[in-house]
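Commentary on secondary and tertiary structure
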Amino acid sequence: MFSSIGWSETIILVVAALIIIGPERLPGALRWTVTSVRRLRDFAGDATTHLKQEIGPEFEELRKPLAELDKMRGMSPRSLVTQHLFDGDDSILRDIENALPTTEDLNVADGPAPGPAAIEPPASSAPPGWQTTDYT
C-alpha cells in the first residue's frame, strides 16, 4: 500500500505531523492511526473470507477475469502486440528497431541547414522581350 513512499517522504510526513499535531499529541495520533489501519485490514480480510465461504468455488472463477484485467492494465502497447501477435517473442520487434536508422544516421550535413539566401530562384520563364523584375 505504501510501497511508493520513500524515506524522504516519510521524514517530511513526520515533520509535518510534529508541526500540525504537536509533539504531545503525536503518540496518541500514531496509536489511533495504527489501530484504525489494523481494523480496516481485519475487516477486509474477514469480508474476503466470508465471501469465499458464501460463494464457494465460484469465487475463484470470479477472481480469474479480474486477475487477467489487472495484468492487462499494466501492459504497454508493445507488450500487447508481442503477446497476441508474436506469442510473447519480441525478437522481431527488436530486429526492426535495430534496422531503423537513428537520428545520427539521418543527419547528412554536419553544418546548419541552408537558409533562404542559399537557395537560388528559378530561371525566368517569361517569353523573350518581356520585362521581368528581380525582387532579390
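All values reported here derive from a predicted model rather than from experimental measurement.

Glancing now at the overall build of the chain. Within the chain, the secondary structure is distributed over 6 helices and 0 strands. Beginning at the N terminus, the succession of helices and strands in the chain can be written as α-α-α-α-α-α. If you sum the accessible surface of the chain, you get close to 12,700 Å²; carbon and sulfur atoms cover 62% of it.

At a minimum axis separation of 7 Å, helix α2 (residues 26-55) and helix α3 (residues 58-73) run at an interaxial angle of 115 degrees. The segment α2 lies against α3, with T48, L51, K52 and I55 engaging E58, F59, E60, L62 and R63. Residue classes in the contact of α2 with α3 are distributed as 4 nonpolar, 1 polar and 4 charged.

Quick look at α3 now. With 16 residues, α3 extends 24 Å between its outermost C-alpha atoms, agreeing within 8% with the 22 Å of an ideal straight helix rising 1.5 Å per residue. The buried fraction of α3 is low, at 1 of 16 residues.

Another aspect to go through is a nonpolar patch on the surface. Together, I11, V14, V15, L18, I19 and I20 give the surface a local cluster of nonpolar side chains, amounting to about 590 Å² of exposed area. I19 sits in the exposed class, given a relative accessible area of 68%.

The rules we used
- All residue numbers here refer to positions counted from 1 along the written sequence of the relevant chain.
- Local features in this predicted model are restricted to residues of pLDDT 70 or higher, and side-chain atom pairs are both shown and tallied only at a pLDDT of 80 or more, whereas totals for entire chains, interfaces and linings draw on every residue.
- With hydrogens and water excluded, all non-hydrogen atoms of the structure serve as input to the side-chain values.
- The numbering of helices and of strands both runs from the N terminus, where a helix is a DSSP run of H or I of at least 4 residues and a strand a run of E of at least 2.
- Per-residue accessibility takes into account occlusion by the displayed protein chains alone, with areas from the Shrake-Rupley method and a 1.4 Å probe.
- Lines fitted to C-alpha atoms define the axes, with helix axes restricted to the stretch in contact, and inter-axis angles between N-to-C directions lie between 0 and 180 degrees.
- Note on contacts: a residue pair qualifies if any of its non-hydrogen atoms lie within 4.5 Å across the two residues.
- Under the scheme applied here, ten amino acids are nonpolar (Ala, Val, Leu, Ile, Met, Phe, Trp, Tyr, Cys and Pro), four are charged (Asp, Glu, Lys and Arg), and all others, including Gly, are polar.
- Under the convention used throughout, the expected extent of a helix is 1.5 Å for every residue step, that is, one less than its residue count.
- For every residue, the accessible area (1.4 Å probe, protein chains only) is compared with the maximum for its type, and the residue is labelled buried under 20%, exposed over 50%, or partly exposed between those bounds.
- Patch building starts from residues that exceed 30% relative accessible area and form no salt bridge, then joins like charges within 9 Å and nonpolar side chains (Val, Leu, Ile, Met, Phe, Trp, Tyr) within 5 Å.
- Each salt bridge in this description consists of a side-chain nitrogen of Lys or Arg and a carboxyl oxygen of Asp or Glu lying within 4 Å of one another.

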